[in-house]
Amino acid sequence: MFNRRKFLQLSSLGLTAAGFSGFRPKTAGNQPIVISTWDAGIDANKAAWKVLRNKGRALDAVEQGVMVTESSQGCCVGLGANPDRDGYVTLDASIMDEFANCGAVAFLERIKHPIQVARKVMENTPHVMLVGEGAQQFALSQGFVLEKEGLSKDAETEYKKWLEKSEYKPVINIENKKHQTAFAPARLSDGSWNHDTIGMVALDAAGNLSGSCTTSGQGFKMRGRVGDSPIIGAGLFVDNEVGAAVATGQGEDVIRMGGTHTVIELMRQGYAPGQACKKAMERLLKIKGSKAKEIQVAFIALNKNGEHGAYCLQKGFNYAVCTGDDQNTLIEAKYLI
Ligand code: GLY
């Protein structure tokens, strides 16, 4: 925990929240807050906020929040998402609470809410991650039902178009509505958002942090590919003494640098959330060099005081911040290149 002496030391180095970019919520103390990735975070935050405003637990908030996105028949999270290159939708998810309990599933098929299965892994098994057939078997044993096989209408259309060339070429910022194209519409015909991942972190009225992350991964990926989202320390990390962070974008590169664990360790050193995300991004840029232009990666982070921030590799990432019923807004993240 940060004590006063430590705080003064950091202040003298200009390393506290006040000294760096990042946002401070209007109300001090244990004012709950939830933040989440991309445009879809707005709708997800609303569900999370219902839990937080009633003094509910951050863990429940981040689970219920991202379930909204998993339920959308949009293109890139949940069973409505784009498939892998063999035509199957495979889902990854993780969740982590204030006690460093965590659970994850990967390469999971035909289960509507992988985030709920991840929580069951955390609470009802001695393990952290279950994958593929084993994850599905476990889900069924916990009362989840197998959804019907096949693709959503939008995903089927996208898959047919993709088959024409069969090129694996992830689209940067596909998750953002400003990136709208005919091939990747942001607001789909059913009103849902197009995005590949939703990550969410929250601080509750008791002052506890939790986080969640759920995705269908990159569209048209190789069969069996797993990204960063279910990997604790890559796509998601929570340390209740320090903060919580979640990643989105090119999962391989988030894994390569231990993305969210890096962000938390920087916050532990005293960096404000936005600055910690920036420093982590600088590390990624150094690793990727000139190839950085080909990818997008973004981090969002929240600290124990409810201060939040974000940073992305290149322009186009935004995140949603909610601190009240009518205080739920999108913020454009700063970028490196
Ligand atoms: N960030 C999501 C993925 O790469 O799977």
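A quick note: this is a predicted structure, and the numbers were derived from the prediction, not measured.

Caption draft 1: Representation of the pairing of strand β7 (residues 236-239) within the structure. The side-chain alternation of β7 yields two buried faces, one formed by Leu236 and Val238 and the other by Phe237 and Asp239. Across four bridges, β7 lies against strand β8 (residues 243-249) in antiparallel orientation. Pairing of Asp239 across the sheet is with Gly243, part of β8. Connecting β7 to the antiparallel partner β8 that follows it, the hairpin turn spans three residues.

Caption draft 2: Seen up close, the pattern of salt bridges. Under the definition given, this model contains 15 salt bridges. As a salt-bridge pair, Arg119 and Asp60 come within 2.6 Å of each other at their nearest N and O atoms. Within this pair, whereas Arg119 is found in helix α4 (residues 114-124), its partner Asp60 is found in helix α3 (residues 58-71), the two being separated by 59 residues in sequence. Notably, a salt bridge pairs Arg256 with Asp253, separated by 2.7 Å at the nearest N-O pair. Of the two residues, Arg256 and Asp253 are both situated in helix α7 (residues 251-256); the distance of three residues between them amounts to about one turn of the helix. Three or more residues are tied together by salt bridges with common partners; here these are Asp60, Glu63, Arg119 and Glu123.

Caption draft 3: Spotlight on the nonpolar core. If you look at the biggest cluster of nonpolar residues, it comprises 47 residues, and the most contacted ones within it are Ile35, Val263, Phe299, Phe317 and Tyr319. Per element, the largest residue contribution to this core is six residues, and it comes from strand β9 (residues 297-303). Core analysis: the second largest hydrophobic core is formed by 32 residues, Ala58, Leu108, Val117 and Phe144 among them.

Caption draft 4: Structural detail: the side chain of Gln218. Inspection of the secondary structure puts Gln218 in the loop between β6 (209-215) and β7. Of note is the side chain of Gln218, whose polar atom sits 3.2 Å from the side chain of Gln250.

Caption draft 5: Broad picture of the pairing of β8. Burial within β8 is extensive, with seven of its seven residues counted as buried. Residues Gly243, Ala245, Ala247 and Gly249 of β8 are buried on one face, and the alternating residues Ala244, Val246 and Thr248, pointing to the opposite face, are buried as well. Bridge analysis of β8 against β9 gives seven bridges, and the strand direction is antiparallel. Bridge assignment links Val246 to a residue of β9, and that residue is Ile300.

Caption draft 6: Examining the environment of Ala81 more closely. By the element assignment, Ala81 lies in the loop between α3 and β2 (91-96). Residues Ala81 and Glu70, eleven residues apart in the sequence, show an inter-C-alpha distance of 9.1 Å.

Caption draft 7: Looking closely at the packing of α4 against helix α5 (residues 132-141). For the pair α4 and α5, the least separation of the axes is 10 Å and the interaxial angle reads 80 degrees. With respect to α5, the axis of α4 lies roughly perpendicular. Here Val117, Lys120, Val121 and Asn124 of α4 come into contact with α5, specifically with Ala135, Phe138 and Ala139. Considered class by class, the residues forming the contact of α4 with α5 number five nonpolar, one polar and one charged.

Caption draft 8: Seen up close, unusual backbone geometry. The backbone phi angle of Phe107 is positive, close to 55 degrees, even though this residue is not glycine. In this structure, Phe107 sits in strand β3 (residues 102-108). You will see that Arg110, though not glycine, has its phi angle at about 65 degrees, which is positive. You can see Arg110 is positioned in the loop between β3 and α4. Given a relative accessible area of 26%, Arg110 falls into the partly exposed group.

Caption draft 9: Representation of the sheet that holds strand β11 (residues 318-324) within the structure. If you walk across this open sheet you meet the eight strands as β4-β3-β2-β6-β5-β1-β11-β12, and the pairing is mixed. Only two strands of the sheet have a single partner each, and these edge strands are β4 (129-131) and β12 (327-332). Mean inter-strand twist for the sheet, computed between neighbouring axes without regard to direction, equals 10 degrees. Here helix α2 (residues 41-53) sits on the sheet and contacts β1 (33-37), β5 (197-203), β11 and β12; the angle it forms with β1, its principal contact strand, is near 155 degrees.

Caption draft 10: Expanded view of helix α9 (residues 273-288). Taking 1.5 Å per residue, 16 residues should reach 22 Å; α9 reaches 23 Å between its end C-alpha atoms and fits that length. Looking at α9, one finds that the buried residues are Pro273, Gly274, Gln275, Ala276, Cys277, Ala280, Met281, Leu284 and Lys288. Close packing links the buried residues of α9 with α7, α8 (259-268), β9 and β10 (308-312). Within two residues after α9, Gly289 carries a phi angle of roughly 60 degrees, on the positive side.

Caption draft 11: Structural view of α5. Among the residues making up α5, those that are buried are Gly132, Ala135, Gln136, Phe138 and Ala139. For α5, the buried positions fall inside an angular range of 160 degrees around the axis, keeping them on one side. Facing away from the buried side of α5 by over 90 degrees, the exposed positions are Glu133, Gln137 and Ser141. Structurally, α5 contributes buried residues whose contacts are with β3, α4 and β4. Note on α5: the residue one or two positions beyond its end, Gly143, has a positive phi of about 95 degrees.

Analysis parameters
Residues numbered from 1 in each chain as written. Predicted model: local features only at pLDDT ≥ 70, side-chain atom pairs only at ≥ 80, totals over all residues. Heavy atoms only, no water. Buried < 20%, exposed > 50% of the residue type's maximum accessible area, 1.4 Å probe, protein only. Helix = DSSP H or I, 4+ residues; strand = E, 2+ residues; numbered from the N terminus. Pairing = 2+ DSSP bridges. Salt bridge = Lys/Arg side-chain N within 4 Å of Asp/Glu carboxyl O. Core = buried A, V, L, I, M, F, W, Y, C linked by side-chain atoms within 4.5 Å. Polar contact = N/O pair within 3.5 Å; in protein donor to acceptor, adjacent residues only side chain to side chain. Axes fitted to C-alpha atoms, helices over the stretch in contact; angles between N-to-C directions. Parallel < 35°, antiparallel > 145°, perpendicular 65-115°, else oblique. Contact = heavy atoms within 4.5 Å. Nonpolar A, V, L, I, M, F, W, Y, C, P; charged D, E, K, R; others polar. Expected span 1.5 Å × (residues − 1). Arc of directions from axis to C-beta.

Remember, this is a structural readout, not a statement about activity or role.
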